[in-house]
Amino acid sequence: LQYVIETAMKKAEEANAELPEGLPQWIYDLVPTPDELRIALLPSAIIAVAVMVMIICLYIPSTVSTILKYRCGIYKSLGSDEFQLYRVAVDTIYMNTSNAVYACLGAGAL
């Protein structure tokens, strides 16, 4: 996280240095300074990580509960004749959980 912020700050400093002289002031105001980037990126990164952790922690109990309900027969799998097949194959739900975790990580990284 610190590396990303430091890299963005260096890029902003380079962008500010490369601006030619004589441009209108509003153009200089559009290019962020390193301090502006730090002020914007640090809280947003902390919030993104906290939200990702919270979403992951919410997925785990829900998934386990659903698996156990299928295993115990509480969910009748919509009255299907192939309930025993669904009941045995419900272990593949872990693939959905891992997809959800990686989706959260990817969304936070963006």
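Before reading on, note that the structure itself is shown above.
Residues numbered from 1 in each chain as written. Predicted model: local features only at pLDDT ≥ 70, side-chain atom pairs only at ≥ 80, totals over all residues. Heavy atoms only, no water.

To continue, consider the pattern of salt bridges. Evaluation of the coordinates by the stated rule reveals one salt bridge. With a closest N to O distance of 3.2 Å, D35 and R38 form a salt bridge. Here D35 pairs with R38, and both are found in helix α3 (residues 34-72), just three residues apart, close to one helical turn. Note on R38: relative accessible area 36%, which makes it partly exposed. (Salt bridge = Lys/Arg side-chain N within 4 Å of Asp/Glu carboxyl O. Helix = DSSP H or I, 4+ residues; strand = E, 2+ residues; numbered from the N terminus. Buried < 20%, exposed > 50% of the residue type's maximum accessible area, 1.4 Å probe, protein only.)

The next subject is the environment of L37. Its location among the elements puts L37 in helix α3. When its relative accessible area of 17% is taken as the criterion, L37 is described as buried. Remark: the alpha-carbon pair of L37 and I5, spanning 32 residues in sequence, is separated by 7.6 Å.

Where helix α1 (residues 2-18) meets α3, the closest approach of the two axes is 8 Å, and the angle between their N-to-C directions is 150°. Classed by the angle they form, the pair α1 and α3 counts as roughly antiparallel. As for how α1 packs across α3, the hand of that crossing is right-handed. Touching I5, A8, M9, A12, E13 and N16 of α1 are P34, L37, R38, L41 and L42, all from α3. Taken together, the residues of the contact of α1 with α3 break down into eight nonpolar, one polar and two charged. (Axes fitted to C-alpha atoms, helices over the stretch in contact; angles between N-to-C directions. Parallel < 35°, antiparallel > 145°, perpendicular 65-115°, else oblique. Left-handed = near helix turned anticlockwise from the far one by under 90°. Contact = heavy atoms within 4.5 Å. Nonpolar A, V, L, I, M, F, W, Y, C, P; charged D, E, K, R; others polar.)

Taking 1.5 Å of rise per residue, 17 residues should cover 24 Å, and α1 covers 24 Å from first to last C-alpha, within 8% of that figure. Every buried residue of α1 is listed here: I5, M9 and A12. Looking straight down α1, one finds that the buried residues subtend no more than 60° of arc, so they occupy a single side. α1 presents Y3, V4, K10, K11, A17 and E18 as exposed residues on the side facing more than 90 degrees away from its buried surface. Those residues of α1 that are buried lie in contact with α3. (Expected span 1.5 Å × (residues − 1). Arc of directions from axis to C-beta.)

Judged by relative accessible area, which is 47%, D35 ranks as partly exposed. A sequence separation of 26 residues divides D35 from M9, and the C-alpha atoms of the two residues are 7.5 Å apart. At 3.2 Å, the side chain of D35 forms a polar contact with the side chain of R38. (Polar contact = N/O pair within 3.5 Å; in protein donor to acceptor, adjacent residues only side chain to side chain.)

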